[in-house]
Amino acid sequence: MALGTKKTEERKAHRMDVIRAHRFDNNNIAFDLKIDDWITIYNMMLVATYSEKDKKEKDKSKCEPEGYFISFPQHKDDKGNYWSYAYFKILEPEQDMIEEQIEHILDEAEEK
């Protein structure tokens, strides 16, 4: 492989199940993700992204998110930097599936 080229790795598909989800007032969602019935990553976040206009709004519950990205659990060091302490590559179709599972859990919770 030549310098400066990136090898594309394929990986096997993994079973991912959202086992808990909680929506905050700012539309961010905390969730726990079980992978292949083998490992669980707790306190992941589905972070809402907003338009430039909505970013100025302090009460995000009044805004409609443009989209979401997944953030892994982090800790803050003495210098104020945040570091993820777990990571797993999530492909776009897997993120879509995770978002669907989260929405299903939140819908069920609202019905109760």
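Remember, it's a predicted structure, so these values are computed and weren't measured experimentally.

Draft legend 1. Structural detail: the environment of P73. Checked against the element boundaries, P73 lands in the loop between β4 (67-71) and β5 (74-76). Judged by relative accessible area, P73 falls into the buried class, the value being 4%. Here the alpha-carbon distance between P73 and A86, two residues 13 residues apart in the chain, equals 6.5 Å. If we ignore the near neighbours within four places in the chain, the residues touching P73 are I41, Y42, N43, M44, W83, S84, Y85 and A86.

Draft legend 2. Inspection of the nonpolar core at higher detail. In this structure, F31, L33, M44, I70, I90, I98 and I102 are the most contacted members of the largest nonpolar core, which totals 17 residues. Every element with two or more residues in this core is listed here: β1 (16-23), β2 (29-35), β3 (39-49) and α2 (92-111). In terms of residue count, the dominant contributor to this core is β2 (four residues). Apart from the residues within four sequence positions on either side, F31 is in contact with V18, R20, A21, I41, Y42, N43, M44, M45, L46, I70, I98 and I102.

Draft legend 3. Just the side chain of S71, in detail. Tracing the sequence through the fold places S71 in strand β4. With relative accessibility at 16%, the residue S71 sits in the buried group. Beyond its immediate stretch of four places on either side in the chain, S71 contacts M44, M45 and V47.

Draft legend 4. Expanded view of the sheet that holds β4. Strand order across the open sheet formed by four strands is β1-β2-β3-β4, with antiparallel pairing between neighbours. The sheet is open, and its two borders are formed by β1 and β4, each paired with just one other strand. Across the sheet, the axes of successive neighbouring strands diverge by a mean angle of 30°, strand direction being ignored. Across five bridges, the pairing between β3 and β4 is antiparallel. In the sheet register, T49 faces β4, and the bridge partner there is G67. Packed onto the sheet, α2 meets β1, β2, β3 and β4 and runs at close to 50° relative to β1.

Basis of the calculations
Residues numbered from 1 in each chain as written. Predicted model: local features only at pLDDT ≥ 70, side-chain atom pairs only at ≥ 80, totals over all residues. Heavy atoms only, no water. Helix = DSSP H or I, 4+ residues; strand = E, 2+ residues; numbered from the N terminus. Buried < 20%, exposed > 50% of the residue type's maximum accessible area, 1.4 Å probe, protein only. Contact = heavy atoms within 4.5 Å. Core = buried A, V, L, I, M, F, W, Y, C linked by side-chain atoms within 4.5 Å. Pairing = 2+ DSSP bridges. Axes fitted to C-alpha atoms, helices over the stretch in contact; angles between N-to-C directions.

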